[in-house]
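Descriptive structure summary
Listed below are the residues making up each chain.
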Amino acid sequence: MVVATLGRSHELSALLHSLATEEHRDFELIIVDQNPDDRLVPVLASFVGLMTIIHLRTDRKGVCRARNLGAAQARGQWLMFPDDDCWYPPDLFARIGVLRKEHPADFYSGRAADTLGQTIMGDFAAEAIPIEPATVWTTLIEWMLVVKRSDFDAVGGFDIAIGPGSDTQWGAYEIQDLALRLLSAGRKGWYDPAFTGHHPEDHSDQTTPAAVAKIRLYSTGLGYVMRKHGYGFGDYLPRLLRPLTGVVVYAFTGKPGMARRSWNIFAGRLVGWCTAPRPISPDGAPVS
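This structure is a prediction, so every number in the text was calculated from the model and none was measured. (Residues numbered from 1 in each chain as written. Predicted model: local features only at pLDDT ≥ 70, side-chain atom pairs only at ≥ 80, totals over all residues. Heavy atoms only, no water.)

Helix and strand counts for the protein chain come out as 9 helices and 8 strands. Rg of the C-alpha trace for the protein chain: 19 Å, near the compact-globule value of 19 Å for 288 residues, within the 12% margin. Seen through its principal axes, the protein chain has C-alpha atoms that stretch 55 × 40 × 40 Å. Sequence-distant contacts in the protein chain: of pairs separated by 6 or more residues, those separated by 24 or more amount to 77%. If you sum the accessible surface of the protein chain, you get close to 13600 Å²; carbon and sulfur atoms cover 56% of it. In the protein chain, 29 side chains carry a positive charge and 32 a negative one; their mean positions are 5 Å apart. (Helix = DSSP H or I, 4+ residues; strand = E, 2+ residues; numbered from the N terminus. Rg over C-alpha atoms; globule rule 2.2 N^0.38 Å. Contact = heavy atoms within 4.5 Å. Areas by Shrake-Rupley, 256 points an atom, 1.4 Å probe, with all protein chains shown as cover. Lys, Arg positive; Asp, Glu negative; His and termini not counted. Charge placed at Lys NZ, Arg CZ, Asp CG, Glu CD.)

This part covers the layout of surface pockets. It is the rolling of a water-molecule-sized probe over the atoms that shows where space remains empty. Taken as a whole, the second largest pocket holds about 480 Å³ of empty space. Residue lining of the second largest pocket: 20 residues in total, with D26, F27, Q77, W78 and F93 positioned closest to the centre. Secondary-structure elements contributing two or more residues to the lining of the second largest pocket are β2 (28–33), β4 (78–80) and α4 (92–102). When residues in the lining of the second largest pocket are grouped by element, the largest group, 5 residues, is from α4. (1 Å grid on protein atoms, 1.4 Å probe; cavity = no way out; pocket = protein on both sides within 12 Å on 5 of 7 lines; lining within 4 Å. Points joined across faces, edges and corners; volume = space filled by probe spheres on them.)

With that settled, the discussion passes to the confidence of the model for the protein chain. When pLDDT is averaged across the protein chain, the result is 94; 96% of the residues are at 70 or more. Note that pLDDT drops below 50 for residues 282–288; the model gives that stretch 9 contacts with residues more than four away or on any other chain. (pLDDT = per-residue confidence, 0-100.)

Next up on the list: the state of the cysteines. Tallying each qualifying case throughout the model produces 0 disulfides. For the unlinked cysteine C86, the closest cysteine sulfur is that of C64, found at 16 Å. (Disulfide = S-S within 2.5 Å.)

So, about the side chain of R261. Looking at where R261 falls in the secondary structure, it is placed in helix α9 (residues 256–275). Of the side chains bearing the opposite charge, D205 lies closest to the buried R261, which forms no salt bridge; the N-O distance is 7.8 Å. (Buried < 20%, exposed > 50% of the residue type's maximum accessible area, 1.4 Å probe, protein only. Salt bridge = Lys/Arg side-chain N within 4 Å of Asp/Glu carboxyl O.)

Turning our eyes to something else, we now look at the sheet that holds strand β7 (residues 146–148). Taken in spatial order, the 5 strands line up as β4-β7-β5-β8-β6 in an open sheet, and their pairing is mixed. A strand with exactly one partner marks an edge of an open sheet, and here the two such strands are β4 and β6 (129–131). The sheet shows a mean angle of 40° between the axes of neighbouring strands, taken without regard to direction. Of the strand pairs in this sheet, strand β5 (residues 107–113) and strand β8 (residues 189–198) are connected by 6 bridges, and their pairing is parallel. Pairing of A112 across the sheet is with G197, part of β8. The sheet strands contacting α4 are β4, β5, β7 and β8, and the helix crosses β8 at an angle near 165°. (Pairing = 2+ DSSP bridges. Axes fitted to C-alpha atoms, helices over the stretch in contact; angles between N-to-C directions.)

With that settled, consider the environment of M80. Looking at where M80 falls in the secondary structure, it is placed in strand β4. Excluding residues that lie within four positions of it along the chain, M80 makes contacts with M1, V2, Y88, L92, I96, W143, M144, L145 and V146.

This part covers the side chain of T196. Tracing the sequence through the fold places T196 in strand β8. A polar contact of 3.2 Å, which involves the side chain of T196, links it to the side chain of R95. Excluding residues that lie within four positions of it along the chain, T196 makes contacts with P89, R95, R111, A113 and M144. (Polar contact = N/O pair within 3.5 Å; in protein donor to acceptor, adjacent residues only side chain to side chain.)

Here we come to the nonpolar core. Judged by nonpolar contacts, the single largest core of 75 residues is most densely connected at M1, F81, Y88 and V136. Leaving out residues up to four positions away in the same chain, V136 has contacts with I131, Q176, A179, L180, L183 and Y231. (Core = buried A, V, L, I, M, F, W, Y, C linked by side-chain atoms within 4.5 Å.)

The final tally for this structure, using the stated rule, is 11 aromatic pairs. With a centroid separation of 5.6 Å and an interplanar angle of 70°, the aromatic rings of F152 and F158 are classed as edge-to-face. Among the residues examined, F152 registers a relative accessible area of 3% and is labelled buried. F158 gets classed as buried once you look at its relative accessible area, which sits at 2%. Of the aromatic side chains, those joined through ring pairs into one cluster are F81, F152 and F158. The ring of F158 has R67 sitting right over it, with the charged end atom 4.9 Å from the ring centre. Residue placement shows R239 over the ring face of W137; its charged tip is 5.2 Å from the ring centre. (Phe/Tyr/Trp six-rings, centres within 6.5 Å; stacked < 30°, edge-to-face > 60°. Lys NZ or Arg CZ within 6 Å of the ring centre and 35° of its normal.)

The structure is reproduced here in C-alpha cells:
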C-alpha cells in the first residue's frame, strides 16, 4: 500500500487506524513523504509494531512520481495507492480475496462511499462490470485500485506528467490513463461497487478562485487522457457541451460563480484535448 503525502500529518490517522484493525495483516505500508520536515515521524511512531511501515523521504514533488517511487520499493504481489486521508473497512483484504477468487483479473477497482454506503466523489457504475475503455470513467478511483505489481511495472507505472503536483496543466485522470495502458497491454480489469472505501467529502465553496482553478486543472487532464488514448472527438464532444450548457443555465438563473466554474471546466477540457500527444493505437504505437 503506497501512500503519497505532502502537507499533512494528523490527516493520516484515519488511514493508519483502519489498517491497524484489518483482519488480514499480510501487507506493508509505504509512506512516500514529500514534506521538508519531520511532521510525520510522531504520527507513524504510534503505529510501529502494529503493521509494517516503510517511511521513504523525497524532495521530488508530484503524486504520481511519489507513487512510482513507493511501488519500486514494494515487495508484495499486489499494489494499492491509498489517499493520505482515506480509510478502509476492516475486511478490505478479505474482500480483495473474494474478488480475486470470483473474478480473476489483473486489476480491480471499487467505489468511493461514505460510512452509510452512499456514493461520493463522482458517478460510479451501479453494477459489477469489466473495466473497459468505455467504462473507465465510472469504475475507477485512485485509492480503490488494486493492481498486480508485475503489470504495474510492465506498463511503466503512473504517467508522471499527469496528476496533482506534476508541474503540467494535466491535473487529473492519471488512474484512467494507467487503466487504459493496462487494457492496451492485454490485461483485464474488474469493478465491483460493493468493494468500497471511505474518504472525507469536500463541502467547501466550489466557486472560490482557488476551487475554480483546481477544477480547470483537473478538467484539462480529461481532455489530455481521452485524446492520448485515441477517443474520437465525437466521443469527447458531449463532455464539452455539458459545461457549456451549465454556463448558460447558471447565467440565466443568477448564479455567476457556478457559471464561471462551468466555463473553466469547458476551457480546461478544450485545452487538454488540444495539448494532448498523438493517440495510442491498440498495439501501443502512436497513430496520427
